[in-house]
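What follows is the residue order along each chain.
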Amino acid sequence: MGTMPEGSSSPRTLAEALRTRDDEELAALLRARPDLLNPVPNDVTQLATRAGTRASVVRALERLDRFALQTAEALAVASDPAPYKTLLALLSGDEGDPDVEAALPRALGVLRGQALVWGGDDRLRLVRTARELLAPSPTRPSPTGLGPTVAESTSGMSPGRLQDILAAAGLSTTHDPVSAVASLTSLFTDRRRMGALLDTAPTEALTVLDRLVWGPPYGEVTANPAPPVQWLRDHGMLLPASPRTVVLPREVALHLRGGRAHRVPEPVPPAVGPAASASLTQGRPQVVDSTAAGQAFTALSTVEDLLQDWHEGGPAVMRSGGLSVRDLKRAAAALDTGEQMAAFWIELAYAAGLLAADGEADERYAPTPAYDEWLTLPPAERWALLASAWLTATRTSGLIGGQDAKGRSLSALGPDLDRSAAAEVRRRVLDLLAVLPAGTAPAPETVLARLRWERPLRGGTGADANAARSAADGSVDLRSRVAAWTLTEAETLGVTGRGALSAHGRALLGPSGPSGTGPDAARTPGPDASRTTGAGPDPVALAAAALAPLLPEPLDHVLLQADLTAVAPGPLERPLAETLAVLADVESKGGATVYRFTPGSVRRALDAGRSASDLHTFLATHSRTPVPQPLSYLIDDVARRHGHLRIGAASAYVRCDDDAMLDEILADKRSQGLRLRRLAPTVLAAQADPGALLDGLRSMGYAPAAESAEGDVLITRAHARRTPPRTPPAPVPDGPPVPDPTLLGAAVKAIRAGDLAATVERKPAPEPSPNGSLPRSSSAETLATVQAAAMTGSAIWIGYVNAEGSASQRVIAPVRVEGGFVTAYDHTADEVRTYPLHRITGVAELADDSA
């Protein structure tokens, strides 16, 4: 959009300015400010009114980059309306600034495009609500640090005091306050005369001005101020704001600043620079990809370990929702990581829909059915689903451990963790990384500086909707905190490697790469923002395809060792890993996983229904080394004793064909707690339940087996607890979603049609209503006019009241009139409709039938 998008003749109102826009420009406005679409405005006047409401203007200001915001702030302290040259002078100062001159048309185009500024270059106007938010006031200085004008500061001042100031400044006295204020303003805005006046000021007075010039412009004074302050008051360079407060007038401050509204204009976004260590990987993207792939594989293992640990039912849900601190510590210990990182993995599994609360009376967390489906996917696809869920999630695990606005602790999986800006910031950080050459890691401080430029904080507006939430988060700049967390989480998850974006990380951004590098490129993604629209490739599939060649192939073998351990030199195929996890205990993890065989682990495999011969065959099949003799002896020894004792429910009983073994058990002091007694030579009865009896005899070194009521050995397997089907938590959008092209086209068409009905020139109605809101005509005249329009095919203007009593104006082209109804093409709704004649309040012919 150029510097004169509104046309050569300046419009009188924002509505008139919007009417000069074509459909594409209106659609761009609705796309940039989607809150204007809810509901769709009836016409352009309603659109302009809604665009000027406080809530909508605040939202629009929050999405401006720093220089566009500085441009709006400069307009707020300029005269209204202000010519383009005045705005340029406020931003570039007396000496000029080529960067400002080059960037101003773009910034002004952004403000015009979002309907925050309207009018031609000779009469630029900031919408009234934005001016109220950004202009200075006694209770809220301008973000520029400027104070009120001379005219505003002297309102209410006595005429005699004004004349005294003129005399002290060497100006001729006047006969009225208006001309006195004009004379003083002319002096303060004249660079030559103002410079001469300041040359006569005491040095201490100039020091006072230096403290106020960049704001805040207010200062306290005593009843008897010091001579330098008194000199400034006498010459009007400090004007009273209250009995104890003085203010530096805007014109004086601008002279001292060299005409600049801002101390440091920032027309150019700060560049994202490489980190000091980037030279180690620059030009070697394969190193980055390999490192990231290793992290991705570790991420998969960590999520699997977490959910496997909660396989039979995880920790309980607190009454207030979420995970208790004690359970978070247990999860961290199980994953061998810190609590904050454990919270990240838990929240990631929850965001991906792999973990949820089961909804039972004794509510607990457990894997979902989607987890079982996820396990069946290839590793690359499993990682891509996790990364996609992380990219679009608005739940922010970095907040866990902090407090909300009411001082309550924020817990993992608990409420109040959603931050609508998180998904946008996360996506934007990756976009900025993608701009760098492949294999180049950014300096984190340059990424944060760029994000702050693109979405600066505006505490001075007094209307920042996120201020209270950000303060509750323990930091004013939540976006910077989320960006820092994003860099850490991306490395942990394997989206980046050694700080640089990996090839599969780039693929995750979509087939077209980053969404843009400019300040307007960062948009709030919706729940499906990770996927491309239309028939383009799915980023999840692209990321999986990029990662798959980098992941190690699953192995079908282990290396058995004589010390009753097995070494898995890499990832194992799922059936092998699942069986080995039952047969042996994991002793250590890393590049290779070490499993240890113990009597308890072998008994666990036998309890799961495996026989000794099955275990020997399994080990011989999957071992690249001969099965060590100690391991074979261990399996045979445990199997020989396994099931020799049988336990069932009497309260409980033990039966054994070897009565000598039962004598041994009775004689053992450790069995006294089980309260055993002999019922028969081969049967003992116990008052303990079967489970306690099993555990008690196993702790004594025996290997009993449970049996059913029919006498069969019960096979025990881990009970997999699953929640009912659950959908992943939906991201909380940052305001209304960006409308799709179909909705935009329909909205623009409806606004145009409604505007036609509201503004089309029409002939006077026979009986105009007192307020002129709806045409009024008799039933006979209405019927005659409608029938005539149907015969001639012309359009007419009608007033219509629907069944709910809502009145509206419409432009229709009647097609058929019969049975008390008129069927017509409604230009307002852009469709054919049928209206009861008795609900038409009146009709009027159009003066110029252009419908």
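To keep things clear, this report deals only with the structure shown in the data block. (Residues numbered from 1 in each chain as written. Predicted model: local features only at pLDDT ≥ 70, side-chain atom pairs only at ≥ 80, totals over all residues. Heavy atoms only, no water.)

Section: the sheet that holds strand S4 (residues 239-242)
(1) Moving on: Taken together, three strands build an open sheet; the order of strands is S3-S5-S4 and the sheet is antiparallel. Edge positions in the sheet fall to strand S3 (218-220) and S4, since each of these pairs with one other strand and no more. Neighbouring strand axes in the sheet, compared pairwise and without regard to direction, differ in orientation by 40° on average.
(2) Moving on: Pairing analysis gives three bridges linking S4 to strand S5 (residues 245-247), with the strands arranged antiparallel. Across the sheet, the residue bridging to Leu-239 is Val-247, located in S5. (Pairing = 2+ DSSP bridges. Helix = DSSP H or I, 4+ residues; strand = E, 2+ residues; numbered from the N terminus. Axes fitted to C-alpha atoms, helices over the stretch in contact; angles between N-to-C directions.)

Things to note about the sheet that holds strand S13 (residues 593-596)
(1) Moving on: With respect to topology, four strands assemble into an open sheet ordered S10-S11-S13-S12, the strand pairing being antiparallel. Strand pairing shows two members of the sheet lacking a second neighbour, strand S10 (559-561) and strand S12 (585-588), which therefore form its edges. Strand-to-strand twist across the sheet, computed as the mean angle between neighbouring axes with direction ignored, equals 30°.
(2) Moving on: For strand S11 (residues 565-568) and S13, the ladder comprises four bridges, and the chain directions are antiparallel. Bridging from a neighbouring strand, Ala-568 pairs with Thr-593 of S13.

Some points on the pattern of salt bridges
Opposite charge on two side chains allows them to pair when their charged atoms are near.
(1) Moving on: Counted according to the given criterion, the structure contains 33 salt bridges.
(2) Moving on: Between Arg-112 and Asp-121 there is a salt bridge, and its shortest N-O distance comes to 2.9 Å. Judged on exposure class, the residue Arg-112 and its partner Asp-121 are both buried.
(3) Moving on: One salt bridge connects Asp-327 with Arg-330, and the closest N-O pair in it is separated by 3.5 Å. With a gap of three residues between them, Asp-327 and Arg-330 both fall in helix H17 (residues 325-335), about one helical turn apart.
(4) Moving on: Given a relative accessible area of 12%, Asp-327 falls into the buried group.
(5) Moving on: With relative accessibility at 52%, the residue Arg-330 sits in the exposed group.
(6) Moving on: In the salt-bridge network here, residues are joined through shared partners; they are Arg-63, Glu-424, Arg-455 and Arg-479. (Salt bridge = Lys/Arg side-chain N within 4 Å of Asp/Glu carboxyl O. Buried < 20%, exposed > 50% of the residue type's maximum accessible area, 1.4 Å probe, protein only.)

Details of helix H26 (residues 539-547)
Working note: α-helix, 3.6 residues per turn, so residues spaced by three or four point in the same direction.
(1) Moving on: Listed as buried for H26 are Pro-539, Val-540, Ala-543, Ala-544 and Leu-547. Taken around the axis of H26, the buried residues stretch over an arc of 135°, which confines them to a single face.
(2) Moving on: Lining the buried residues of H26 we find helix H16 (285-309), helix H20 (379-392) and helix H25 (503-508). (Arc of directions from axis to C-beta. Contact = heavy atoms within 4.5 Å.)

What to know about the pairing of strand S19 (residues 796-801)
(1) Moving on: Among the six residues in S19, five count as buried, and that is most of the element.
(2) Moving on: Pairing analysis gives six bridges linking S19 to strand S20 (residues 807-818), with the strands arranged antiparallel. Residue Val-801 lies in a different strand from S20, and its bridge partner there is Ala-807.
(3) Moving on: Taken together, S19 and the strand that follows it, S20, pair antiparallel across an intervening segment of five residues, in which Gly-805 is found at a positive phi of about 90°.
(4) Moving on: Both S19 and strand S23 (residues 840-845) contribute to a ladder of five bridges, which runs antiparallel. Residue pairing across strands places Ile-798 opposite Val-843, the latter belonging to S23.

Notes on helix H28 (residues 599-607)
(1) Moving on: Buried within H28 are the following residues: Ser-601, Val-602, Arg-603, Ala-605, Leu-606 and Asp-607.
(2) Moving on: Directly after H28, the chain includes Gly-609, whose backbone phi takes a positive value near 105°.

Some remarks on the nonpolar core
(1) Moving on: Counting residues in hydrophobic clusters, the biggest one holds 93 residues, and the most contacted among them are Leu-30 and Met-237.
(2) Moving on: Excluding residues within four positions of it along the chain, Met-237 makes contact with Phe-188, Met-194, Leu-197, Leu-198, Leu-209, Trp-231, Leu-232, Val-247, Leu-248, Pro-249 and Val-252.
(3) Moving on: Among the nonpolar cores identified, the runner-up in size contains 68 residues, and Ala-342, Trp-345, Leu-448 and Val-495 belong to it. (Core = buried A, V, L, I, M, F, W, Y, C linked by side-chain atoms within 4.5 Å.)

Here's the deal with unusual backbone geometry
(1) Moving on: Cis geometry is adopted by the peptide bond preceding Pro-39, which originates at Asn-38 and carries an omega value of -5°.
(2) Moving on: One can find Pro-39 in the loop between helix H2 (23-32) and helix H3 (44-51).
(3) Moving on: Looking along the chain, the bond that leaves Gly-215 and enters Pro-216 is cis, with omega of -5°.
(4) Moving on: With respect to the helices and strands, Pro-216 occurs in the loop between helix H13 (203-212) and S3.
(5) Moving on: Positive phi outside glycine occurs at Leu-564, with the angle close to 65°.

So, the packing of H13 against helix H14 (residues 227-234)
(1) Moving on: One way to put it is that H13 packs onto H14 with a least axis distance of 8 Å and a crossing angle of 75°. When the axes of H13 and H14 are compared, the pair comes out roughly perpendicular. Within the contact between the two elements, H13 uses Glu-204, Ala-205, Val-208 and Leu-209 and H14 uses Pro-228, Val-229, Trp-231 and Leu-232.
(2) Moving on: Here the residues of the contact of H13 with H14 sort into seven nonpolar, no polar and one charged. (Parallel < 35°, antiparallel > 145°, perpendicular 65-115°, else oblique. Nonpolar A, V, L, I, M, F, W, Y, C, P; charged D, E, K, R; others polar.)

Structural notes on the side chain of Glu-347
(1) Moving on: Along the chain, Glu-347 falls in helix H18 (residues 339-351).
(2) Moving on: Using a relative accessible area of 7% as the deciding quantity, one classes Glu-347 as buried.
(3) Moving on: Within the structure, the side chain of Glu-347 is placed 2.7 Å from the side chain of Arg-395, a separation counted as a polar contact.
(4) Moving on: Beyond its immediate sequence surroundings of up to four residues, Glu-347 is in contact with Arg-395, Ser-397, Ile-400, Ala-412, Leu-413, Gly-414 and Leu-417. (Polar contact = N/O pair within 3.5 Å; in protein donor to acceptor, adjacent residues only side chain to side chain.)

Looking at the packing of aromatic side chains
(1) Moving on: Under the definition given, this model contains three aromatic pairs.
(2) Moving on: Where Tyr-800 meets Tyr-835, the ring centres are 4.8 Å apart and the plane angle is 70°; that geometry is what we call edge-to-face. In this pair, Tyr-800 sits in strand S19 while Tyr-835 sits in strand S22 (residues 831-836), placing the two residues 35 residues apart along the sequence.
(3) Moving on: Tyr-800 gets classed as buried once you look at its relative accessible area, which sits at 11%.
(4) Moving on: The class of Tyr-835 is buried, set by a relative accessible area of 3%.
(5) Moving on: Above the plane of the ring of Trp-374 lies Arg-382, whose end atom (NZ or CZ) is 5.4 Å from the centre. (Phe/Tyr/Trp six-rings, centres within 6.5 Å; stacked < 30°, edge-to-face > 60°. Lys NZ or Arg CZ within 6 Å of the ring centre and 35° of its normal.)

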